[in-house]
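# Report on the structure
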Amino acid sequence: MIQFTPLQPCRLLQLSLLLLLTACHSEDEKREAPYLNNRVPLAPKAYIELPLGSVKPEGWLLQQMELMKEGMTGHLDEWYPSVVGSRNGWLGGDGDGWERGPYWLDGLVPLAWLLEDEQLKAKAMEWIEWTLNSQTSSGYFGPVPFEEEPEPEPGLQKSRRRDWWPKMVMLKVLQQYYEVSEDKRVIDLMLNYFRYQLNQLPETPLDHWTFWANRRGGDNLMMVYWVYNRTGEPFLLELADLIYEQTFPWSQVFLNQDCYKGPLLDHLYPYNTGNRYPFDQELIERLCTKQLQSFHCVNFAQGIKAPLIRYQHDPDPEYLESVRRALSDMMEYHGQPQGMYGGDEPLHGKDPTQGIELCSVVELMYSLEKMIAISGDPALMDHLEKIAYNALPTQVSDDFSSRQYFQQANQVLLTRERHNFYEEDHHGHTDLCYGLLTGYPCCTCNLHQGWPKLVKHMWYATAEGGLAAVVYGPCTLRARVAGGKEVTIREDTGYPFGERIGFDITTEEEARFPLMLRIPGWCGEPEIRLNGNPIQFGTRNGMAVLERIWKDGDRIELHLDMEVRLSRWVENAVSVERGPLVYVLKIREAWEKVENSDRWGDYWEVRPMDPWNIGLTEEAVSDPSRGFRVVYKESDAGAEQPSVQQGALYPWCIQHAPVSLVTTGKQIPDWTLYRGMAGPLPHSLPLKHLAGVEPDEITLIPYGCSTLRITEFPVVR
Ligand SMILES: [Zn+2]
């Protein structure tokens, strides 16, 4: 007979997140958690982050890391030497001295230590050592400011070396390095720098050099609290107040009803000028109008976490509400089925051909990873997984050698021509083409953080000395639990393609701790087996809680049933989801390399080899359980456990898609290209003009496996 401790009464579920956090806090006091939670007066986090390296990738996730090493992440200094080579200001040079060097490091550092790769570590350490040694007696660190403005050089961001923004990125780099090294120089540098900020910010506020630092001040604030937790230095709380005051008032803006609304972009408020600190009430009111669609897409992805970062210091439930409302408004006014939003520079509405910048994808993932720790909101976990397993894999080529600046939900042709993005002539019309420098190079440097940070945040510690799995995938966790005992949990799964996740526990001595497993919002009937036997379990805040004395060799099997689900989008179009994956029309791809000597470099164009203008039949849509048939690629592996285990083929491509859906559709001849993109969606009442045409069998594959796709489908009778 298996004993489980009783759960908190279900009244907890009805209380606000704030009260839930308080409840967790009182649990906290009963037992010692082996990892550092927030220090008073900061409110305790719902989940505590584990140091980098606690979670190691396995299976296809390990393969993904190895592809990164062989591709852009491992070689960016060789492939893009003009910017992240020896002339970079973060190596003491006179070249690029702004965000791009730190961006690369922000993904290179976690990759190097996840792979335990000495070559990659050596590349990272050159930058880290230079940075640690760059601090002056004032506390300033980073590229040496120029006495006189330097001559501009095409492709380099040389000036603005005192800008607060790129230092926020390097602080994140140093934080990750500290987690694997406990190198005390990191804490010393940060303390000295934060004293420098406390001295300088009154005269030269966050937006003194650029507006980016002001929009992204939440990242700075997060690091101040991180050092406070480790040192308890009171001046850090004073600095935190100052930084929050100088940061764009995201929370107030998100809480305004009219955010994101607005009929047209022709009233576009300049998204990269104005709105300077200090923010008076009139400005906030002006911002809280339709002009707010002029949020810059990456600023939104980063700024959304600012209210929750602040909430730790000022536990007002309004901050929680502001983030909840921001995410729901973002989906309502700009959302797309893969969990992202139209934002080809400013936010740009819901049309499935509006662009999504790769920086927005990785920054929103990072924001969600940080917000999950603070609030424990299970909706954020579902959202993180949706972006990671749909939007992220497709925007970089399979060999990790090139990427798109923008991706689209309905993406049927990737050629260099005029599209319907903000500033129609910017970036030489290369935004959709795969390349190293197509579109704009920020993403080339910033994309690397996506996968490694996802791996780090698949598991968290709990305040009660337990462990919580919040994103599923093949990995191995090694962590300490209540009483300081170390346990290893190997996660053995074909997820996100399959429905079963196995957890094998290894421990030298028996250990009592709560093990929390996320039950996704889309899952209707989860089942859990312990050592082969089905068990009853309760859920708390979206997590199944299993508390017992765990023994070496214990195995848990979690079964998350995945039903086909449909949702309605622009012009009543339908998108198809099953479990964490969005399914899209399979379109075979013809890739062609274009040699090009202008500043966008060589690039790839991709053209469809199959018709893309396909609608789903009303018959299939009206009864999804019968209208869509699930097919696993290797039927001998069993219908419930697709073969994407260790050593299997890279799953995120059209050839190896581990699972597909077969359904019926019809070609819509009058749905045609417009400006090199899928033209405007016909309205699905459904469409009746094809009623006499026989439907065809069509195949849908996971969004992340596609390069060309239809995600929002018209419906035909
Ligand atoms: Zn970018």
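Structure shown above.
The following refers to the structure shown. Source: prediction; values computed, not measured.

Donor atoms from the polypeptide that bind the zinc ion are Glu357 (OE), Cys359 (SG), Cys442 (SG) and Cys443 (SG), placed at 2.1 to 2.3 Å. With four donor atoms in place around the zinc ion and angles of 96 to 121° between them, the coordination shape is tetrahedral. Of note, the zinc ion draws all its donor residues from one chain, in the sequence arrangement E-x1-C-x82-C-C.

We now examine the sheet that holds strand β12 (residues 527-530). The strands making up a sheet are joined through hydrogen bonds of the backbone, oriented either antiparallel or parallel. Spatially, the seven strands line up as an open sheet ordered β2-β8-β9-β10-β16-β12-β13, and their pairing is antiparallel. Looking at which strands have only one partner, the edges of the open sheet turn out to be β2 (55-57) and β13 (533-535). Each adjacent strand pair in this sheet contributes to an overall mean axis angle of 25°, direction not counted.

Turning next to unusual backbone geometry. Cis geometry marks the peptide bond from Val40 to Pro41, where omega comes out at 10°. Relative to the elements of secondary structure, Pro41 occurs in the loop between α2 (17-30) and β1 (47-49). Although it is not a glycine, Phe400 sits at a positive phi angle of roughly 60°. Classification of Phe400 by relative accessible area gives buried; the value is 3%. You will see that Asn541, though not glycine, has its phi angle at about 50°, which is positive. Here Asn541 is to be found in the loop between β14 (538-540) and β15 (543-550).

Now for the pattern of salt bridges. Side-chain pairs of opposite charge can arise whenever the charged atoms involved come near each other. Applying the stated criterion across every chain yields a total of 41 salt bridges. Among the ionic pairs, Arg325 bridges to Glu321, the shortest N-O distance being 3.6 Å. Highlighted residues: Arg325 and Glu321, both in helix α17 (residues 317-334), separated by four residues, approximately one helical turn. For Glu321, a relative accessible area of 24% corresponds to the partly exposed category. Measuring nitrogen to oxygen at the nearest pair gives 2.8 Å for the salt bridge that ties Arg518 to Glu385. Here the residue Arg518 occupies a position in strand β11 (residues 511-518), and Glu385 occupies one in helix α19 (residues 378-394), the gap between them amounting to 133 residues.

Before going further, it helps to spend a moment on the packing of helix α7 (residues 118-132) against helix α9 (residues 184-200). Contact pair α7 / α9: the axes reach a minimum separation of 10 Å and the direction vectors enclose 45°. As far as their axial angle goes, α9 and α7 are oblique. Crossing hand, α7 versus α9: left-handed. For the pair formed by α7 and α9, the contact residues are Glu129, Thr131 and Leu132 on the first element and Arg185, Val186 and Leu189 on the second. Among the residues making up the contact of α7 with α9, the classes are represented as three nonpolar, one polar and two charged.

What follows deals with the nonpolar core. One finds Phe194, Trp451, Trp459 and Leu517 to be the most contacted residues of the largest nonpolar core, which totals 224 residues. Setting aside its immediate chain neighbours within four residues, Leu517 contacts Ala469, Tyr472, Phe503, Ile528, Gly542, Met543, Ala544, Leu546, Ile556 and Leu558.

Reading the values: rules and limits
- Residues numbered from 1 in each chain as written.
- Predicted model: local features only at pLDDT ≥ 70, side-chain atom pairs only at ≥ 80, totals over all residues.
- Heavy atoms only, no water.
- Donors = N, O, S within 2.8 Å, 3.2 Å for Na, K, Ca; no water.
- Tetrahedral: all angles 85-135°; square planar, octahedral: opposite > 155°, others 65-115°.
- Pairing = 2+ DSSP bridges.
- Helix = DSSP H or I, 4+ residues; strand = E, 2+ residues; numbered from the N terminus.
- Axes fitted to C-alpha atoms, helices over the stretch in contact; angles between N-to-C directions.
- Buried < 20%, exposed > 50% of the residue type's maximum accessible area, 1.4 Å probe, protein only.
- Salt bridge = Lys/Arg side-chain N within 4 Å of Asp/Glu carboxyl O.
- Parallel < 35°, antiparallel > 145°, perpendicular 65-115°, else oblique.
- Left-handed = near helix turned anticlockwise from the far one by under 90°.
- Contact = heavy atoms within 4.5 Å.
- Nonpolar A, V, L, I, M, F, W, Y, C, P; charged D, E, K, R; others polar.
- Core = buried A, V, L, I, M, F, W, Y, C linked by side-chain atoms within 4.5 Å.

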